[in-house]
Amino acid sequence: MSAANRAPLRSKHSRALLLTAVAAASALTLSACSSGGTSGGGGDTNFVMGKDGISTVKEGERTAAPDLSGKTVDGAQLDVASYKGKVVVLNVWGSWCAPCRAEAPNLEKVYQDLKSKGVQFVGINTRDTSTANAAAFEKQQGVTFPSLYDPTGKLMLRFKKGTLNPQAIPSTLVLDRDGKIAARSLAALSEDKLRKMIDPVLAEK
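Caption draft 1: Focus on the overall build of the protein chain. In terms of helices and strands, the protein chain carries 4 helices and 9 strands. Across the protein chain, helices and strands are ordered from the amino to the carboxyl terminus as α-β-β-β-β-β-α-β-α-β-β-β-α. In the protein chain, buried positions account for 41% of the 205 residues. A sequence separation of at least 24 residues applies to 72% of the contacts in the protein chain between residues at least 6 apart. For the protein chain, the accessible area works out to roughly 10800 Å², and carbon and sulfur atoms hold 57% of it.

Caption draft 2: Spatial organisation of the sheet that holds strand β9 (residues 181–185). Strand order in this open sheet of 7 strands is β1-β2-β9-β8-β5-β6-β7, and the pairing throughout is mixed. Single-partner strands in this sheet number two, and they are β1 (48–49) and β7 (147–150). Of the strand pairs in this sheet, strand β8 (residues 171–175) and β9 are connected by 4 bridges, and their pairing is antiparallel. Bridge pairing in β9 places T172 opposite S185. This element, helix α2 (residues 98–114), spans β5 (87–93), β6 (119–126) and β8 of the sheet and lies at about 155° to β6.

Caption draft 3: Geometry of the side chain of T172. Of note, T172 is situated in strand β8. Beyond its immediate chain neighbours, meaning those up to four positions away, T172 contacts V89, L90, N91, E103, A183, R184, S185, L189, L194 and M197.

Caption draft 4: Up close: the pattern of salt bridges. Overall, the coordinates contain 8 salt bridges when judged by the stated rule. With its nearest N and O atoms 4.0 Å apart, the salt bridge here joins E191 to K109. One end of the pair, E191, is in helix α4 (residues 191–203); the other, K109, is in helix α2, with 82 residues separating them in the sequence. Classification of E191 by relative accessible area gives partly exposed; the value is 27%. Here D113 ties to R195 by a salt bridge, and the two come within 2.4 Å at their closest N and O atoms. One end of the pair, D113, is in helix α2; the other, R195, is in helix α4, and 82 residues separate them in sequence. By relative accessible area, D113 is classed as partly exposed at 31%. Put simply, K109, D113, E191 and R195 are held in one network by salt bridges that share partners.

Caption draft 5: Focus on empty space enclosed by the protein. For the coordinates displayed, the defined rule picks out 1 cavity of 30 Å³ or more. By volume, the largest cavity is sized at about 70 Å³. Considering the residues around the largest cavity, the lining is formed by N91, W93, C100, E103, A104, L107, F137, E138, V143, F145 and S147. When residues in the lining of the largest cavity are grouped by element, the largest group, 4 residues, is from α2. Across the lining of the largest cavity, the residue classes tally to 7 nonpolar, 2 polar and 2 charged.

Caption draft 6: Structural context of the packing of aromatic side chains. Under the criterion given, the structure shown has 4 aromatic pairs. Aromatic pair Y111 and F121: ring centres 5.4 Å apart, planes at 50°, arrangement tilted. Highlighted residues: Y111 in helix α2 and F121 in strand β6, separated in sequence by 10 residues. An angle of 75° between the planes, with centres 5.5 Å apart, marks the rings of Y111 and F145 as edge-to-face. One end of the pair, Y111, is in helix α2; the other, F145, is in the loop between α3 (131–141) and β7, with 34 residues separating them in the sequence. Taken as a pair, Y111 and F145 share a single burial class, namely buried. Counting every residue linked through ring pairs, the aromatic cluster contains Y111, F121 and F145. Taking the ring centre of F47 as reference, the NZ or CZ of R184 above it sits at 4.0 Å.

About the thresholds
- Residues numbered from 1 in each chain as written.
- Predicted model: local features only at pLDDT ≥ 70, side-chain atom pairs only at ≥ 80, totals over all residues.
- Heavy atoms only, no water.
- Helix = DSSP H or I, 4+ residues; strand = E, 2+ residues; numbered from the N terminus.
- Buried < 20%, exposed > 50% of the residue type's maximum accessible area, 1.4 Å probe, protein only.
- Contact = heavy atoms within 4.5 Å.
- Areas by Shrake-Rupley, 256 points an atom, 1.4 Å probe, with all protein chains shown as cover.
- Pairing = 2+ DSSP bridges.
- Axes fitted to C-alpha atoms, helices over the stretch in contact; angles between N-to-C directions.
- Salt bridge = Lys/Arg side-chain N within 4 Å of Asp/Glu carboxyl O.
- 1 Å grid on protein atoms, 1.4 Å probe; cavity = no way out; pocket = protein on both sides within 12 Å on 5 of 7 lines; lining within 4 Å.
- Points joined across faces, edges and corners; volume = space filled by probe spheres on them.
- Nonpolar A, V, L, I, M, F, W, Y, C, P; charged D, E, K, R; others polar.
- Phe/Tyr/Trp six-rings, centres within 6.5 Å; stacked < 30°, edge-to-face > 60°.
- Lys NZ or Arg CZ within 6 Å of the ring centre and 35° of its normal.

In structure tokens:
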């Protein structure tokens, strides 16, 4: 075979190797992101990703949120199921997380605007070694909605596989009035994006 004939083969081979390397790197990234074991990847959750990075699930195809109950950052008892009938916005955050600090004012602003319309915000504070750090964060950021204290991520691991990535902090889920997961973002949200997540669910009858 001449050198001219061999060149395209080598080129195809190189491209195949490159694609394999990219796929392997992507797989490593995904496995690193979802190292929670029981949640965070795969699973038939019916999410459809939008161009804005927000995933949604059609009515009738949604799965119920798991039991989310326990003590809040300020020591009170809270059960998210008690908010059934309202649209619930769940935000996973930590005081150590810079993107969480950036989005906190957006969450509070939208909460204040929508709470009279039947929207309840609930935080899930994770990986904070003490409630003191979490409480200081809430005070500093002016956050007034309650947050369940979940230092080891036990609550997050209750979600159906593929619903919530325990390594993606912050994350936000919107639950419909029946307590089913309607929308998800695995990144910090602007006020505008947060409203775009909530408004369609709020408009449902």
